[in-house]
Amino acid sequence: MELFTEINNAVLDLQSSQLQTYARPLKKLSHLLSHPELKDVNERLTEGLDLNDFLAKSEETRGGMVGSSQLAWPESHEKTLGLTLLLIERFAEDPQFAAQFGHEYFYSGRKIIAGIHSITSQLIIPFVRDYRAYVLAGPSTEPVLEKGWSKKVFIVHGHDEGARESVARFLEKIGFVPIILHEQANKGRTVIEKVEANSDVGFAVVLLTPDDQGAATGGNPEPRARQNVLLELGFFLGRLGRDRVCALKRGHVEIPSDFAGVVWEKMDESGGWKQSLARELQAVGHNVDWNKIMRL
């Protein structure tokens, strides 16, 4: 649909916006999402939803640390889409609210625009992807796992063994099979050959951890993920598609501009990343036991 091309362009404008300009693409995005062609879909998604109640429940999760609040998403995929639609509408009506929302739930430092960019990459981009799929699917909107997709999940990692083990054990506990490269037999193969040989997976989790440092000539060194991690991130984006790759970022890590459209989640100490990863798995059709997840 040409409409979604315009929606994607509005998201790109929002992603590259600055403090003085972010309100305009927000308003444009909301206007496009309220297009008459989408009226029936939007009414179905938002029927019976109370945005203020959702925000109040989310507010109750606030801890003593900035950025510790978690959004109280419902288990229903449709309700999650509907609430996000209502949120974007509220953002457009009150851009200052969007800034406060980003600081509260997507904290990325003191700069207001950093929160807006985090909302864009972690909330709006995944929403547009899933919303488009919902619209194109027609009346039957529950996600269905495509035949042939495996329960195996490849974990791309650097030197942070703690992050790697946390993700692997979490996936095991909710019924998935984590694939960690160094645990696979070499059989005389190079690293990239091992990646290719073990790429029969249905999903990939990429851990972006500050293991290296680097900079442009004459610049100041910045924390970066290892080069092999970025290489394998690109490999799985091409192999599986963006919707089947989830990047988890721990600490301050420079993200290459070429990966600006990749959705990443903050790997926080409170464990909120587990729910974020579970939502991504559910969004592509996997059955997720939320009762089990909430107990972990």
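This text gives an overview of the structure that appears in the document. (Residues numbered from 1 in each chain as written. Predicted model: local features only at pLDDT ≥ 70, side-chain atom pairs only at ≥ 80, totals over all residues. Heavy atoms only, no water.)

**Some details on the sheet that holds strand β2 (residues 177–180)**
This is how the line gets drawn: Pairing between strands requires that DSSP locate at least two bridges from one strand to the other. A run of H or I in DSSP counts as a helix once it spans at least four residues, and a run of E counts as a strand once it spans at least two, with each numbered from the N terminus. The angle between two axes is taken between their N-to-C directions and runs from 0 to 180 degrees, where each axis is a line fitted to C-alpha atoms and a helix contributes only its stretch in contact. A contact between two residues is defined here by any heavy atoms of the two lying within 4.5 Å.
Taken in spatial order, the five strands make up an open sheet running β2-β1-β3-β6-β7, and their pairing is parallel. Of all strands in the sheet, those with a lone pairing partner are β2 and β7 (264–266), marking the two edges. Taking the axes of each pair of neighbouring strands and ignoring which way they run, one obtains an average angle of 25° across the sheet. With four bridges connecting them, strand β1 (residues 152–156) and strand β3 (residues 203–208) associate as parallel partners. By the bridge assignment, V153 is partnered in β3 with F203. Across the sheet, helix α8 (residues 161–173) touches β1, β2, β3 and β6 (245–249), and the angle it forms with β2 is around 150°.

**Some points on the pattern of salt bridges**
Put simply, the test is: Basic side-chain nitrogens of Lys or Arg form a salt bridge, by our definition, when they fall within 4 Å of a carboxyl oxygen of Asp or Glu.
Per the stated rule, a full pass over the model turns up seven salt bridges. Across the pair D53 and K57 runs a salt bridge whose closest N-O atoms are separated by 3.4 Å. Here K57 and D53 lie together in helix α4 (residues 51–59), a separation of four residues that amounts to about one turn. Across the salt bridge formed by E165 and R169, the nearest N and O atoms sit 2.3 Å from each other.

**Here's the deal with the pairing of β3**
Under the convention used in this document: Each residue gets one of three labels from its accessible area relative to the maximum for its type: buried under 20%, exposed over 50%, partly exposed in between, using a 1.4 Å probe on protein chains only.
Taking burial as the measure, the six residues of β3 include six buried ones, the bulk of the element. Covered by surrounding structure in β3 are F203, V205 and L207 together with A204, V206 and L208, the residues of both alternating faces. Sheet topology places β3 next to β6; five bridges connect them, and they run parallel. By the bridge assignment, A204 is partnered in β6 with V245.

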